[in-house]
Each structure stands twice: as structure tokens, then as C-alpha cells.
Amino acid sequence: MALTERAHRRPDAAGIGLRLPHIAEVVATRPAITCLEVHPENFLANPHATELLTDLARDYPISVHTVGLSIGSADGIDHAHLRRLRAFIDGIDPVVVSGHLAWSTHQGEYLNDLLPLPYDEEALKVVAAHLDEVQDGLGRPYVIENPSTYVAFGASTMTEVEFLNELVHRTGCELLCDVSNVYLSAHNMANDPYRFIDELPSGAIAELHLGGFTPEEDEATPGETLFVDTHASPITEPVWDLYEYALRRFGQRLTIVEWDNDIPPLATLLGEAARADKVTAHACSVQEASRAGAA
Ligand SMILES: [Fe+2]
């Protein structure tokens, strides 16, 4: 299927990250939700869960969000993992396949973290080449997500948003804008999150993420608070505000609520998605009103 056809059937409302503790309930109750997003690494060694997901994929658009592809690794892409992913993805035909701008493997070892890249020409060439390999291997576009940021490299020659723009320009890829990551990274790096949203290439935004973060004491700078991307709590009010701003800039977009630790009842996640839909409706009405005022 061509990119435009897949983008055409991509919903532009809110869905939830589907985690294993909720899968039986979702299968049994079929909640009214626009889209389900899964981490394929949770399913690859779990044939029963994969069977349930394949059943759900008949009723729900599925988004696949990889956490183990390590597109920024200097060691290269793990082609055995890529083949496993392709078999999984072909079975459910998702509307989006995405992963972070990060690396998580070194010399064949999988590290349980999404680690940062220096933003320079060398890293750009590595990521662009790996993106080609991944898209060839999966037989479909691979969407890149902005990471949560805690440190910056002195060697970087561009900002994160300049790097993402250049990646889109060189490869034609689409982006997943994690609004919570934009907010917490801006806090951690003392940047302006609204400016980051302003500088993203609006037409390349395929999907948005929202998730909770945890304030923690910054060990490197005592007295300072670091926001850590834990996905363990409700979305905060400043992130809802930034989300509405992002919707006004990008237009209505598929949005996924992520919650991976201290997972709450399914109803809580569905409530967060319902709020995202309300914020979207408000952003659209404000846009309509300002268009009508300008006409
Ligand atoms: Fe995310």
C-alpha cells in the first residue's frame, strides 16, 4: 500500500497505548476508541497476545511503536529483529509504524533505555541510512519520534528540532511529535517548548503522543528538578495546553495516550483519550473561528 493510502485511513482522533494487562478486557468489551498502539517487542515472544491483537486489528486501526530498533546505533540495524518485526507488522497491517530518534544497542547488547544522539552531520547520515534500511526491511514508512532529553552533547552542531527538520528534508520521512517529550525536554534543557512546536515541519507530523512524567531531584544539579519520562501518571495541565497549541499549528492528528508504569484501570486511559478528543474539538473550533474572522 502506498504512503498516501495508508495515511488516508489513519484516524485523526485519540487512541490509547494497549498494554498486556488490558488486552483481555479490550478483547472482551470492545471499547469505543479510535486506535490502539502497541509495542511489538511485548508481543514477539507471546503468541497468545499476538493472536488476540490480530483479532483486535480486524476492528481497530493499530499503530505499532517499536522500542528495540535502535535507529541511532553506530553498530547498525539488527536485521534478525527487523525480520521478526516485519512478520509481526504484516500480520496486523498497522496505520503507522514508529520509533524513537535514539539508540539502545551496543555490540549486540540490548540496553533497557533510549539513549541520546549528538546532533551533527555524522549522526544525521547514520540515522538517514538506517531509516532507509528499516523502511526497506519493513516494506513501509517508519515514523521518527522526538526523544525525552536529559543531556546535550558538546559536539552537537544543530538543535534537536534542526536535526529533525534536516532528517525530514533529506529522507522525506514523517515525524511523531511526543508533546510530553517536547514539554519535559524543554524544562530539562531550559528551552521554550512552544518554539519547538513552531519549528517542527507541520506537514510531516503523522501522529502525536501524550504521557505522564515524574519530577525528580537532579543529582547532577542539586536543588534543580528533572522531569523524567516515566509514563506513570496522568497528563499534566501544561502538557494539555501545549497539546492544544500543537493541534492549532499542525491540525487534527492521530494522538495516542501512553501509560507504561503503574498502569491504571482501562477506564482511566479511555478518560485521558476522551479529554484529548475534547481538546482537539476545542482547538478546531478556535481555528474555525479565527479563519471565519479573517475571511
Ligand atoms: Fe512517546
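Just above, that's the structure.
(A) The environment of Tyr 183, seen in detail. As for its placement among the helices and strands, Tyr 183 is situated in helix α7 (residues 179-189). When sequence neighbours within four positions are dropped, the list of residues in contact with Tyr 183 reads Pro 193, Phe 213, Phe 227, Pro 238, Val 239 and Leu 242.

(B) Structural detail: the nonpolar core. One finds Leu 36, Tyr 142, Ile 144, Cys 177, Val 179, Leu 200 and Tyr 243 to be the most contacted residues of the largest nonpolar core, which totals 75 residues. With near-sequence residues (within four places) excluded, Cys 177 lies in contact with Asn 146, Val 182, Ile 197, Leu 200, Ile 205, Glu 207, Leu 208, His 209 and Phe 250. The next biggest cluster of nonpolar side chains, apart from the first, holds eight residues, and it includes Val 95, Val 96, Leu 176 and Ala 206.

(C) Examining the pairing of strand β4 (residues 96-100) more closely. Burial analysis of β4 places five of its five residues in the buried class, the great majority of the element. Side chains Val 96, Ser 98 and His 100 of β4 all project onto a buried face; the interleaved residues Val 97 and Gly 99 project onto the opposite face, where all are buried too. Bridge count between strand β3 (residues 62-65) and β4: three bridges; the pairing is parallel. Paired with Ser 63 across the strands is Val 96, a residue of β4. In terms of handedness, the path from β3 via helix α4 (residues 79-92) over to β4 forms a crossover that is right-handed. Note that β4 and strand β7 (residues 143-145) share three bridges and pair parallel. Paired with His 100 across the two strands is Glu 145, which belongs to β7.

(D) The packing of helix α2 (residues 20-29) against helix α3 (residues 47-56), seen in detail. The interhelical angle for the contact between α2 and α3, taken along N-to-C directions, is 45°, at an axis separation of 10 Å. Put simply, α2 runs oblique to α3. When the axes of α2 and α3 are compared, the crossing they make is left-handed. In this structure, α2 contributes Leu 20, Ile 23, Val 26 and Val 27 to the contact, and α3 contributes Ala 49, Leu 52, Leu 53, Asp 55 and Leu 56.

(E) Region of interest: the sheet that holds β7. If you trace the eight strands once around the closed barrel, you get β1-β2-β3-β4-β7-β8-β9-β12, paired in parallel fashion. Going across the sheet, the axis of each strand differs from the next one's by a mean of 30°, ignoring polarity.

Scoring rules and cut-offs
- Residues numbered from 1 in each chain as written.
- Predicted model: local features only at pLDDT ≥ 70, side-chain atom pairs only at ≥ 80, totals over all residues.
- Heavy atoms only, no water.
- Helix = DSSP H or I, 4+ residues; strand = E, 2+ residues; numbered from the N terminus.
- Contact = heavy atoms within 4.5 Å.
- Core = buried A, V, L, I, M, F, W, Y, C linked by side-chain atoms within 4.5 Å.
- Buried < 20%, exposed > 50% of the residue type's maximum accessible area, 1.4 Å probe, protein only.
- Pairing = 2+ DSSP bridges.
- Right-handed = clockwise from strand over helix to strand, strands pointing away.
- Axes fitted to C-alpha atoms, helices over the stretch in contact; angles between N-to-C directions.
- Parallel < 35°, antiparallel > 145°, perpendicular 65-115°, else oblique.
- Left-handed = near helix turned anticlockwise from the far one by under 90°.

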